[in-house]
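Analysis of the macromolecular model
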Amino acid sequence: MTDAQGNLRRTLGTPPFVAVPLAGLLFFKVFCKLCPMKPQNPGGGSSQLLVLLICSLTGSAASGQAISPGPAGAAPPYEFHRDHDPDGIGKFYLGREIAQVMGHQAADWLERPEREAEEKPGLLLEALKLKVGYVVADIGAGSGYYTRRLAKLVGQNGLVYAVDIQPEMLELLTNKMAELNIRNVRAVLGTITDPRLPASSVDLILMVDVYHEFDHPYEMAQALCAALKPGGRMVLVEFRGEDPKVPIKPLHKMSQAQVRKELGVAPLEWVETSEVMPRQHIIFFRKN
Ligand SMILES: C[S@@+](CC[C@H](N)C(=O)[O-])C[C@H]1O[C@@H](n2cnc3c(N)ncnc32)[C@H](O)[C@@H]1O
């Protein structure tokens, strides 16, 4: 796929859950056969080729060799490795491989009825302590599963920016908002480095199962901080990487320590981590 700036981006057409042995494998095979969203990677092959081509032209494709994403000394370096997890993009940030983006072909997975019991979204929404009139940004909003819940909580005088890099996701989201007559949501087509939000305008940024997919996590964190009001909060919800029982592919989970390490280079301070959700960390930061 390409994002709004035409950047090539590898996407995963299948959801990021891990099939359990045997029964799970069988289910996965049947799922792949029957499901219209094939496990394809639109643009994936060419994206990988592009990375490898750039690396070999610059002579820096050797495993572990660093490529700086910004001005010298301004950011931790990204690394590219030829041998990597098939669910990743071969690009590493502070020791973690970045996961492939979940493609819009898997949007049904985001709306699965079991999600309510597996995730208990009400517990997250309660933990956010939102106020009527807040401006909230749902980054990587997908089909809008959380956007519509946030919109209800901030009320008619509040606003929710729903940002995603896949126009197809935003189309699903806006259709759903129209169907439910929700009017305080603004859909924004972001890029892999820029959520395209007005500066110092947002009270709370929410990212549910998104950050681990950012192609440019350093640049995104900086841009998101710029969009936060002074004292505004940034909240990451990630499947617990420390817990092997959480049935999600490893690259689609994150440990709390890794999240804090990565966000530690942004102008943010860690506030607290809540473990009220059954499978996910809720990690709260505040803009310095
Ligand atoms: C696993 S889905 C989660 C969707 C939604 N947050 C939910 O929980 O239902 C991840 C979403 O993040 C989006 N995404 C990935 N990188 C992004 C970026 N840099 N900016 C905005 N959205 C991004 C993907 O397009 C995808 O829709």
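None of the values given here were measured: they were computed from a predicted structure. (Residues numbered from 1 in each chain as written. Predicted model: local features only at pLDDT ≥ 70, side-chain atom pairs only at ≥ 80, totals over all residues.)

This part covers the pairing of strand 9 (residues 185–189). In this structure, strand 8 (residues 159–164) lies alongside strand 9, joined through five bridges in parallel fashion. Looking at the pairing, Val163 lines up with Val188 of strand 9. Each parallel crossover has a hand, and for strand 8 linked through helix 7 (residues 167–179) to strand 9 it is right-handed. (Pairing = 2+ DSSP bridges. Helix = DSSP H or I, 4+ residues; strand = E, 2+ residues; numbered from the N terminus. Right-handed = clockwise from strand over helix to strand, strands pointing away.)

What follows is about the environment of Gly158. Structurally, the position occupied by Gly158 is in the loop between helix 6 (147–154) and strand 8. Each C-alpha atom, one on Gly158 and one on Lys131, is 8.7 Å from the other, the two residues being 27 residues apart in sequence. Not counting chain neighbours up to four residues away, the residues in contact with Gly158 comprise Val132, Gly133, Tyr134, Val135 and Asn184. (Contact = placed C-beta atoms within 7 Å.)

A separate point is the site of the ligand. Residues in contact with the ligand amount to 23 residues; listed here are only the nearest, Leu110, Gly140, Gly142, Tyr145 and Val208. Within the residue set of the shell around the ligand, elements represented by two or more residues are strand 6 (101–102) and strand 8. Along the lines of polarity and charge, the residues of the shell around the ligand split into 16 nonpolar, four polar and three charged. (Near = placed C-beta within 6 Å. Nonpolar A, V, L, I, M, F, W, Y, C, P; charged D, E, K, R; others polar.)

Taking 1.5 Å of rise per residue, 13 residues should cover 18 Å, and helix 7 covers 18 Å from first to last C-alpha, within 8% of that figure. Every buried residue of helix 7 is listed here: Met169, Leu170, Leu172, Leu173 and Met177. Considered in projection along helix 7, the buried side chains sweep an arc of 160 degrees and stay on one side of the axis. More than 90 degrees from the buried face of helix 7, the exposed residues found are Asn175, Ala178 and Glu179. (Expected span 1.5 Å × (residues − 1). Buried ≥ 20, exposed ≤ 12 C-beta atoms within 10 Å, placed from the backbone. Arc of directions from axis to C-beta.)

With 62 residues, the main nonpolar core has Val136, Ala137, Val160, Val202, Ile205, Leu206 and Met207 as its most contacted residues. Of the residues forming this core, the biggest block, six residues, is contributed by strand 10 (residues 202–208). Residues within four places of Val160 in sequence aside, it is in contact with Val136, Asp138, Thr147, Leu150, Ala151, Val154, Asn184 and Val185. (Core = buried A, V, L, I, M, F, W, Y, C linked by C-beta atoms within 7 Å.)

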